Amino acid sequence: MIRSATKPFRIAKASVASRFSTAPAPKSNTKYFKIYRWDPEQQGQKPYISTYPVNLDECGPMVLDALLKIKSEQDPSLTFRRSCREGICGSCAMNINGTNTLACLCFIDKNDEPAKINPLPHMYVVKDLVTDLSNFYDQYKSIKPWLQTRTEGSHDLEHGEF
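Residues numbered from 1 in each chain as written. Predicted model: local features only at pLDDT ≥ 70, side-chain atom pairs only at ≥ 80, totals over all residues. Heavy atoms only, no water.

### Some thoughts on the pattern of salt bridges
What counts here: Salt bridges are defined as contacts in which a side-chain nitrogen from Lys or Arg sits within 4 Å of a carboxyl oxygen from Asp or Glu. Each helix corresponds to a stretch of at least 4 residues labelled H or I by DSSP, and each strand to a stretch of at least 2 residues labelled E; elements are numbered beginning at the N terminus. Here's how the labels work: a residue is buried when its accessible area is under 20% of the maximum for its type, exposed when over 50%, partly exposed in between, all with a 1.4 Å probe on protein chains only.
Going through the model one piece at a time under the given rule, you end up with 6 salt bridges. The partner of K69 in a salt bridge is E58, and the shortest N-O contact between them spans 3.9 Å. Residue K69 is located in helix α2 (residues 63-73), and its partner E58 is located in the loop between β2 (48-55) and α2; the two are separated by 11 residues in the primary sequence. Here E58 falls in the exposed class, since its relative accessible area comes to 54%.

### Some words on the nonpolar core
So the rule is basically this: We define the nonpolar core as a collection of buried residues of types Ala, Val, Leu, Ile, Met, Phe, Trp, Tyr and Cys that are connected through side-chain atoms lying within 4.5 Å of one another. Whether two residues touch is decided by their heavy atoms; if any such pair falls within 4.5 Å, the residues are in contact.
Core analysis: the largest hydrophobic core is formed by 25 residues, its most contacted members being F33, I35, L67 and I117. Every element with two or more residues in this core is listed here: β1 (30-37), β2, α2, β3 (93-96) and β5 (115-118). Sorting elements by how many residues they give to this core places α2 first, with 5 residues. The residues touching L67, leaving out its near neighbours within four places in the chain, are I35, L78, F80, M94, A103, I117 and L129.

### Regarding α2
Of the positions making up α2, those classed as buried are V63, L64, D65, A66, L67, K69 and I70. The elements touched by buried residues of α2 are β1, β2, β3 and β5.

### Notes on the pairing of strand β4 (residues 99-102)
Convention followed: Here a strand pair is declared whenever DSSP counts at least two bridges between the two strands.
In this structure, β3 lies alongside β4, joined through 4 bridges in antiparallel fashion. Across the sheet, the residue bridging to N95 is N100, located in β4. From the end of β3 to the start of β4, which pair antiparallel, there are 2 residues, and N97 there has a positive phi angle of about 55 degrees.

### Here's the deal with the sheet that holds β5
Spelled out, the test is: Helix axes are fitted to C-alpha atoms over the stretch in contact, other axes to C-alpha atoms as well, and angles between N-to-C directions run from 0 to 180 degrees.
Spatial ordering of the open sheet is given by β2-β1-β5-β3-β4, a layout of 5 strands whose pairing is mixed. The outermost strands of the open sheet, each flanked by one partner alone, are β2 and β4. Shown here is a sheet whose adjacent strand axes are inclined to one another by a mean of 35 degrees, direction ignored. Docked against the sheet, α2 engages β1, β2, β3 and β5, running at close to 100 degrees with respect to β2.

### Looking at the pairing of β1
In regular strands, side chains alternate between the two faces of the sheet. One ladder, built from 8 bridges, connects β1 with β2; its direction is antiparallel. When the bridges of β2 are listed, K31 appears paired with V54. Pairing between β1 and β5: 3 bridges, direction parallel. Bridge pairing links K34 to K116 in β5.

### Looking at the packing of aromatic side chains
Heads up, the condition is: Ring pairs shown here join Phe, Tyr and Trp side chains whose ring centres sit within 6.5 Å, with only the six-membered ring taken for Trp; geometry is labelled stacked below 30 degrees between planes, edge-to-face above 60, and tilted in between.
One pass over the full model with this rule turns up 2 aromatic pairs. Measuring from ring centre to ring centre gives 5.3 Å for F136 and Y137, while their planes differ by 65 degrees; the resulting arrangement is edge-to-face. Note on F136: relative accessible area 39%, which makes it partly exposed. Each ring, one from F136 and one from Y140, has its centre 5.8 Å from the other, and the planes form 25 degrees; the classification is stacked. With F136 and Y140 both in helix α3 (residues 134-143) and 4 residues apart, the pair spans about one turn of that helix. Among the residues examined, Y140 registers a relative accessible area of 40% and is labelled partly exposed. Linked through ring pairs, F136, Y137 and Y140 together constitute an aromatic cluster.

Printed below as a string of structure tokens:
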């Protein structure tokens, strides 16, 4: 069909709207973290749970990455221990989804359920996810789980063992 120069070509509004309305909405890659909170310096405060959303597209794969992102971007008062990020030191030990584990070694679950993060259940809480390790270190020292010489002073520690 040939159109005359006086009648402009127009697209029906309904056809444009139907083209774009059938496109699926982008899926949000947000994971919610329910984190135990308690600050003993706040008079009369009882422990409570705070929920934080984290976009997993902008976060590393480990729970420790999510905690660091929450602390740096949402709530700088969130308190937890971390050190080596390699599962050696054990400082980031906490209860994640009901399992005592290290946050630096625990992958973030990709399911839709919120992740539940609590301090270790068998220890006294100092603040938020930080627990009192004094009893642990006393027990650790009592069993001496490190290399020991048979004779005191048999190694020249100033120049190495050899």
